[in-house]
Structures are given as C-alpha cells and as structure tokens.
Amino acid sequence: MIEYPEIDRYADLDSILHKFDPRAKIVSFLTLIFSIVLIPDLKVALMAFTFSVFILALSKLPLSFVFKYLKWVTMFVLSIFTILALTFPGEKTSFYFISLSKDGIYSGALISIRAIAATMLVFPMIGTMRFDETIKALYMLRIPNSLVQMLMFTYRYIFVFADEFHRMLTAMESKGFKLKTNLYSFAVIGRAIGMLFVKSYERAERVYQAMLSRGYTGNPKTIADFKMDAKDFFLATLIIFFAIFLHLMK
Amino acid sequence: MVHISDGILSFQVLAFGWIVTLLLIALTLWWSKRKGSIAEKIPKLSVVTAAFFVASLIHIPVGPTSVHLILNGLVGIMLGTLSYPAIFIGLILQAFLFGHGGVTVIGINAMDMGIPALIAYSIFRIRQSPLFGAIAGGVAVTLAVLLTAAVLLTLGESYVWVVRALIIYHIPIIVIESLIAASVVAFLSKVKPELLGGGK
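Residues numbered from 1 in each chain as written. Chains lettered and ligands numbered in written order. Predicted model: local features only at pLDDT ≥ 70, side-chain atom pairs only at ≥ 80, totals over all residues.

## Comments concerning the domain arrangement of chain A
Working step 1: Looking at chain A, the domain boundaries give domain 1 (16-136 + 227-248) and domain 2 (144-213).
Working step 2: Just the C-alpha atoms count here: the centres of domain 1 of chain A and domain 2 of chain A sit 33 Å apart. (Domains from an automatic or database assignment.)

In structure tokens, the structure reads:
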C-alpha cells in the first residue's frame, strides 16, 4: 500500500555515470535539467529527449525501474496535452469527428517532451549513487547545513515510518477495517495518522537524546573521499556544453 | 495533486518561485533560531516531515479512483512557521525519490503549498479545536489549488480548461482533507496536545 523510495536500488551497478564524481554529476545534470525545461522549440526538445534517452542508456539502469517512476509525470503532461489539443484557440484540424487545435497539439507536445526528457534525467543523476553519497555531495557543494541535515534525517525516517504505518494498517485490517469512501473511514484513518505523529514525535525525542549523548552538535563531520579527475571534468563540461548548446540552436 | 511538473512553466515564473521560496526559508529558519538553537529542532522537524511524507503516500479511495492526501494544512497546524522548510524538503524528496512534481518547479510548488500552510497555522491559532482544524485543513488545500491555478494561468488564456479540470479534480480532496484534519486534531488534542499549534 505504501511504496518505499528505492531510488538508489541500482547504485551498485557499474557504468560511466556510476563512476562520475557525485558533485560534478549533480551540478552538470541540474544545469541540463534547467536548460531542457526552457527549450522554446519542438525540434530542439526532441533532440534533448534523444540525449536524455542516451544518458539513461549509459547509466545501465533497468528500464522497468525508470518507467515505473516516469508514470506520474507522463500522466500529468498527457492530461494537459489532451486538454490543450481540444480547447486551445486558433486554427483547427479535424481528426475523425473531433476537432483539434494545431497550436494546442504543438504546445502540448513541446510541454510533454520537455517534461519527460527532464524528469528522465533524475534517475541517471540520483539513481547511480547511494543516497548518502548524494547527501555528502550536497554538503560539499555548500548547500546550507540545516537543509542538508533535514534531507538526510527525513530520508532515513521515511523507511521507518513506512514500516510503522504498514504495521498499523495490517493491525487495523486484521480487525476488519476496510478503507472506503465514508465518514467512518476518514475518522479512523485520521486517528491512525495522528498516532503516526505521536509515535514519530516520541521517537524523535529519544533519537535526539541519543544523538546528544554521542556528541551531536548539529555540524556533521563527513569524511570526504570524492576525487575529481580529468574524466569527471571532461564529462561535466560536455553535459554543461550540451545544455548551453540547446539554447544556441535556431 | 497540486504539483506542477517540469517543462511547463516559463523562466520568469520558475525564477520567481525560487526567489520567494529561498527568502521564506531563510526567514522562517531565522525566526525559529531566535527562539533557541536550530540544531536541536532539526532532528524533530525531520522526523515529523518524514511522517507527513509517509502519510501523503496513503491512497484514499474516492469512488472508482484513489487520491493522495496533501496534508499541507496539518503540516502548518503542527509545525507552525517551520512548515515552510518542511514542505520544501518534502518536495525535494518527492522529486528526487519518485519523480513526482519536478526539479525546476520545487520553488514554485513550495510556494503553492507552503504559503497556505502558514495561513492554516494562523487560522488554527485563533482556536485550537477540531472545527478550526477542519477549516484550516480545507482552506490550506483550497488555497494551494487556487495558487496552482494562478500559476498555470500565467501561461495564458489557453490554460483555462486545464485550470477548470484541476479545480474540479480537487473538490473531493478538499472535503476529505478537512475531515481528516478534524479527526487528527481531535485525536492529538486528547493524546498529545503539545504537538498542536506550532510546537515548542
């Protein structure tokens, strides 16, 4: 019922992107993502899409894994595409009995391709390293300490609470509870959520005391073992160059 | 889902979202630093953020389909001013762990969900009762939907139908969210009242 975040499930594969320095990977991929979402032209967007597919292939991540997570963005942009194609003002073209707007199809397609191409890059970026390496890279990139720590703690506790809530639901279902669309169900699920907060809060207290007793000061000390070499600089420059190139095309 | 995905908004809107969000994060963190060390709050804040993240993954059946809870009103009720950074962190994790929402739109999505959370907090502070919990929860989702609608309308009049579909889709969610907010508030005020009203 509740899915685990499994983004780094394939972090131990071996590919060029798995060997890419995390800091260089984050900076260059984010540049590329920001560049892709701002492409004004459909042809350039298709080129960026091809490049994203190429990067994805380089990462050797299983396609079924990526498709599972691309479902959301695809559904979102396809519904926008459909609405725009049907309702966009301007020149119409007819498709069997339905009249579609040419401009609507164009801008819907542009949006969809940009969205999927950009989201697809999240997986070669984050899915090719363990999440703790991502966190360490963010820390070394001088993202404010308090935000990096919140990301790290929140990520860890998602697994704990997914399990916790799952146990609570199993207990409820074993007593005959079924989640339906009625007031009673909402009241029960509300109390279950409330219980999750009480448990999480009490756990937070204990964890914080335990951390204090181990010398926690709020400033984590990370042992940095990332090394940038010529190959990392080359790959990062290549990706950033492509990101700029997308906006120089006419 | 009131998240906008990548690839839709213009540069100006994306930049505006990031600027507002970064300013509000700096402001809310500074505000809570005034009342004591932030280092002490981070583990607690993160644990509650994770609980919200998990709660928003629950599928609630609505007729033949199912919806996810947004819970931004409850985040506001429980975390107070710190709800803004909590929502920001939640959105980053959703974008990077599940590909939900988008990377470039984190700023604008945080604004659309975080500002209503802050408003829900100020509504709940008037009176800490299940009724005001329900109002705060419902208002937070309604405002989030309206802000998202306003953001989509910056793209031009051709998005009117997208906005209508968005609003219609969210009407049942608004009702469910306020019922669940009332139930959570009623439960917490009996079991652990110190969790309500922005915490200590």
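There is more to say after this.
## Looking at the interface of chain B and chain A
The parts lose accessible area when they come together, and the size of an interface is often stated as this lost area.
Working step 1: Facing the 55 residues of chain B at the interface are 63 residues of chain A.
Working step 2: No other element matches helix α2 (residues 38-55) of chain B, which puts 15 residues into the side of chain B that touches chain A.
Working step 3: Residues of the side of chain B that touches chain A, tallied by class, amount to 40 nonpolar, 12 polar and three charged. (Contact = placed C-beta atoms within 7 Å. Helix = DSSP H or I, 4+ residues; strand = E, 2+ residues; numbered from the N terminus. Nonpolar A, V, L, I, M, F, W, Y, C, P; charged D, E, K, R; others polar.)

## Some words on unusual backbone geometry
Residues and elements named next belong to chain A.
Working step 1: Its identity as a non-glycine residue notwithstanding, K60 has a phi of 60 degrees, on the positive side.
Working step 2: With respect to the secondary-structure elements, K60 resides in the loop between α3 (42-59) and α4 (63-87).
Working step 3: For R142, which is not glycine, the phi torsion reads 65 degrees and is therefore positive.
Working step 4: Mapped onto the secondary structure, R142 falls in the loop between α7 (131-140) and α8 (145-174).

## Remarks on α4 of chain A
Working step 1: A rise of 1.5 Å per residue sets the reference length of α4 of chain A, with its 25 residues, at 36 Å; its end C-alpha atoms lie 34 Å apart and thus fit the reference within 8%.
Working step 2: The largest bend along α4 of chain A measures about 40 degrees and falls at L70 of chain A.
Working step 3: Those residues of α4 of chain A not exposed but buried are Y69, V73, F76, V77, I80, I83, L84 and A85 of chain A.
Working step 4: Where α4 of chain A is buried, its residues contact β2 (98-101), α5 (102-120) and α6 (122-126) of chain A together with α4 (83-98) and α7 (160-191) of chain B. (Expected span 1.5 Å × (residues − 1). Bend = angle between axes of the 7 residues up to and from the residue. Buried ≥ 20, exposed ≤ 12 C-beta atoms within 10 Å, placed from the backbone.)

## Examining the packing of helix α2 (residues 22-37) of chain A against helix α10 (residues 230-248) of chain A
All names here are of chain A.
Working step 1: At their nearest, the axes of α2 and α10 sit 9 Å apart, and the two run at 10 degrees to each other. Taken together, the axes of α2 and α10 are roughly parallel relative to one another. Within the contact between the two elements, α2 uses A24, V27, S28, F29, T31, L32, S35 and I36 and α10 uses D232, A236, I239, I240, F242, A243, L246 and H247. (Axes fitted to C-alpha atoms, helices over the stretch in contact; angles between N-to-C directions. Parallel < 35°, antiparallel > 145°, perpendicular 65-115°, else oblique.)

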